[in-house]
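Here is how the chains run, residue by residue.
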Amino acid sequence: MPTPLPDRKALDHQAQLHPDFAAWREGYGVIRHQPETQRQALKLAEQLVAKGHQPDFANVFQQLSALDRLTSAGLWLVVHMTYTNRIRMDGEPLAPEDFKVNPEGHTGGALNMVPAYAAYLTLNSLTGTTRSWLMGQGHCVAAIDALNVLTGNLHPEQKARYRDTDEGLNHLVSDFYSYRQRPGGGMAAPLGSHVNPHTAGGIIEGGYLGFAELQYVHMPLPGESLVAFLSDGAAEEQRGSDWVPRWWRAEDCGLVMPIMIANGRRIEQRTELGTREGLERFAERLSDHDFEPRRFDGCDPAAFVCTLYDMEQRLDEQGELARRGQLTYPARIPFGIAESIKGFGFYGAGSNAAHNLPLPGNPHTDADARKLFNEHARKVWVAPDLLASSVELLCRHNQQQRPLERDHPLARRQPATPVIPEVPPAHEACSPMLAVDRFFQALVASNPDLRPRVGNPDELASNRLGGVLTALRHRVIDPENDLESVHGKVITALNEEAIVSACLANKAGLNLVASYEAFCPKMLGAIRQELIFARHQKEVGRPAQWLGFPVIATSHTWENGKNEQSHQDTTFCEVLLAEMNDVSRVLFPADYNSTLAVLPGVFRERGRLSCMVVPKRDRPCLFSPSDADLLAQNGAILVDEHTASGEPLLLIGNGAYQLSELIRACERLKETGAPFRLVYLQEPGRFRQPRDAMEAEVCLAEREQERLLPKRLKNRIALTHMRPEVFRGHLPALFPDTSRAHVMGYSNRGGTLNEAGMLFANRCSWAHVLVACADLLGRPAGEWLSDQELAAVEGRGSPSVITGTQP
């Protein structure tokens, strides 16, 4: 049944008792307060006074009135950021020359975010607590920047340029989408089209819609609160967010308040949630997935405040019941649905045009469009003295002894440096994944204050992480066996985006992600968004402080031939090798000891992810503990060398199976006295030509590169785990004379094959290496291969003589 309308007589009576309530309920500019919101605001005032957050009703409604004025000013400033090069604080009409020649901005979504973010700021003021926030729809950043400027919530570089004066606001609007560059090519303005490290309090770019929905539940620690602003378009498409109640636990999660901005439109069409039936179906689906939907007026900032406060109290109550054992998980997570229209507060609201440029023309050249701008901007203008008094009322951080919103807990994450455990090396053949298994178990045990998360889209046991599973267990609602627990730390779902997001979000703790290599590309959007943001944080001088962790690609291409070519794909490591190496490592440990040796560095890193391509099958111990440490330190190591007359062949291995093939090829070379030098490249990114100064800092020094890979050795053969074109393209300095170099690797050949069969099919076997050697040296391959072996390599005989497989 529909909720009965509030008793208007009762509201009128309250207005007589409380003049400040009466003044607020009249609204301001385009903002109106529906009777239901008025009732909720009265309840909020009662609660805030009862809890001692506010002395009386008057203070509450004075701040809610200030919120209306701040919201109106935010709307006013957002439309100026899209269309103008200057502002007039007196609200007088702008002339043609005041407008941009090429206006740009995601105007409609930003306008919808103004009441939401202004309400977040006001809720913090009303309760004296600075909560965290994130915004999934990062293109709406103009709302955040506008309100941050108006309230003085800025990083130093923005504060220096964007003070709330005529000059500062003129800089703000002219910088927005100015495309100006500083020397060297970087952006000149500390401002962007999406949330970025200049955005005070920003922690996620929000350029890839849907990932905030997957991450927010894993972000706050107990005792923290997070407001998550989400997109209705993303909500229609990212179903992994339905699992939030499946993961939330009061014992290791903070309070989360998801708010979806239901403005009903994407870029050029209406969303399903833009219809009444669509919203009702969405609310039903939320209820079916253990959420508590709260629909409210998304055009009213006070409705946001009331809903957020109620959501927070409700979830906190459920958490307390759970801790007492009086609630069985899943808790029902309150979920706010802010019903609005795209571009509320300005001309064109509710239309497709509202997404970007709502006016029918460019005010710089179109008189009618200019008239519409001035007319509608005037409706949301706030007199400077009234705005200043409103901001002063809402921004009492020093008096309340709380941090600015730019410094909320999630924005200032800096977990303690982990204690690194001692894990014994191996001396016999075993799975390199066992090194990961043993190390991570010990790491978690040694650091009980760092919250662990394991992202698992398939099988931990089959990927040799059985010990991690036994120790940490799958997080489930209804455990079936000893490997499952309500409080498990392993986040398991057949959705790579969801499980990697659990770890990307856990910036307060220790993380591990492991997946089949071929399925890892599904994670790339989420990972790339994180890498970009971390790189930009470094560039502005505030580097990310979260602990590094590995995303492990195992059951990989060369050992997963039995599952057809869908399971044979080297794309993941190739793409991450293209990212900046100071935030994205790509590692190919070849055995147990080399895997174990790199893990301490991976987890000690700050703001840097590591892609580790690790075999799960048993591999011989090729490196002693000391050699493995040297390999981890330098990224490469001399494996073998045979000196004789003549110039040695330089053989470069990259990948566990590739190294084994090269070692076997070298045995044949030794038999004939052919000179060679075999080097293993575990971390190829350290041997690239750095693309800027920060990347140069993590590349191996030139003298060390020369020691390992002397330039005097002209004939070069590389055997890589990756596609050869990618390896050669990223490391051109390793192959200065292409006529004297062969690079061999995955060439998109596969099927139902074993490891040796995969190597042969891709012309990467030891025998193919010897043919390449013969070609470079101008010698007959028959020096190293029998007639049958040569026939197999040339496609005239059975591959079994090379692979050892029965024909």
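A few points on the structure. (Residues numbered from 1 in each chain as written. Predicted model: local features only at pLDDT ≥ 70, side-chain atom pairs only at ≥ 80, totals over all residues. Heavy atoms only, no water.)

1. Quick notes on the packing of aromatic side chains
The way to describe two aromatic rings as a pair is by their centre distance and the angle between their planes.
Logical step 1: The full count for this structure, using the stated rule, is 22 aromatic pairs.
Logical step 2: On the numbers, 5.4 Å between centres and 80° between planes, the contact of phenylalanine 291 with phenylalanine 335 is edge-to-face. With a gap of 44 residues between them, phenylalanine 291 in strand S4 (residues 291-297) and phenylalanine 335 in strand S5 (residues 333-339) connect regions that are remote in the sequence. Accessibility assignment for this pair places phenylalanine 291 and phenylalanine 335 in one class, buried.
Logical step 3: Pairing phenylalanine 346 with phenylalanine 373 gives two aromatic rings, centres 5.8 Å apart and planes at 70°, and the pair type is edge-to-face. Of this pair, phenylalanine 346 sits in the loop between S5 and helix H14 (367-379) while phenylalanine 373 is found in helix H14, placing the two residues 27 residues apart along the sequence. Summarising the burial analysis for this pair, phenylalanine 346 and phenylalanine 373 share the class buried.
Logical step 4: Three or more aromatic residues link up through ring pairs in this structure, and these residues are Phe21, Trp24, Phe57 and Phe61.
Logical step 5: Arginine 619 extends its terminal NZ or CZ atom over the ring of tyrosine 657, reaching a point 4.0 Å from the ring centre.
Logical step 6: Its guanidinium or amino end placed over the ring of phenylalanine 735, arginine 728 lies 5.6 Å from that ring's centre, counting from NZ or CZ. (Phe/Tyr/Trp six-rings, centres within 6.5 Å; stacked < 30°, edge-to-face > 60°. Helix = DSSP H or I, 4+ residues; strand = E, 2+ residues; numbered from the N terminus. Buried < 20%, exposed > 50% of the residue type's maximum accessible area, 1.4 Å probe, protein only. Lys NZ or Arg CZ within 6 Å of the ring centre and 35° of its normal.)

2. Side note on the packing of helix H4 (residues 57-83) against helix H13 (residues 301-323)
Each packed pair of helices is defined by two parameters, the angle between the axes and the distance between the axes.
Logical step 1: Running from N to C, H4 and H13 cross one another at 125°; their axes reach a closest spacing of 9 Å. Regarding the angle of H4 to H13, the classification is oblique. Contact with H4, carried on its side by Leu64, Leu67, Asp68 and Thr71, involves Pro301, Ala302 and Val305 of H13 and no other residues of that element.
Logical step 2: Among the residues forming the contact of H4 with H13, the class breakdown is five nonpolar, one polar and one charged. (Axes fitted to C-alpha atoms, helices over the stretch in contact; angles between N-to-C directions. Parallel < 35°, antiparallel > 145°, perpendicular 65-115°, else oblique. Contact = heavy atoms within 4.5 Å. Nonpolar A, V, L, I, M, F, W, Y, C, P; charged D, E, K, R; others polar.)

3. Focus on the sheet that holds strand S2 (residues 225-231)
Logical step 1: In space, the five strands of this open sheet follow the order S1-S2-S3-S5-S4, with parallel pairing throughout. Two strands bound the open sheet, and with one partner strand each, they are strand S1 (132-135) and S4. Within the sheet, the average angular offset between the axes of one strand and its neighbour, ignoring direction, is 20°.
Logical step 2: With four bridges joining them, S1 and S2 adopt parallel strand pairing. Each residue of the ladder has a partner; that of leucine 134, found in S2, is alanine 228.
Logical step 3: Against the sheet, H13 engages S2, strand S3 (255-262), S4 and S5, with an angle of about 145° to S3. (Pairing = 2+ DSSP bridges.)

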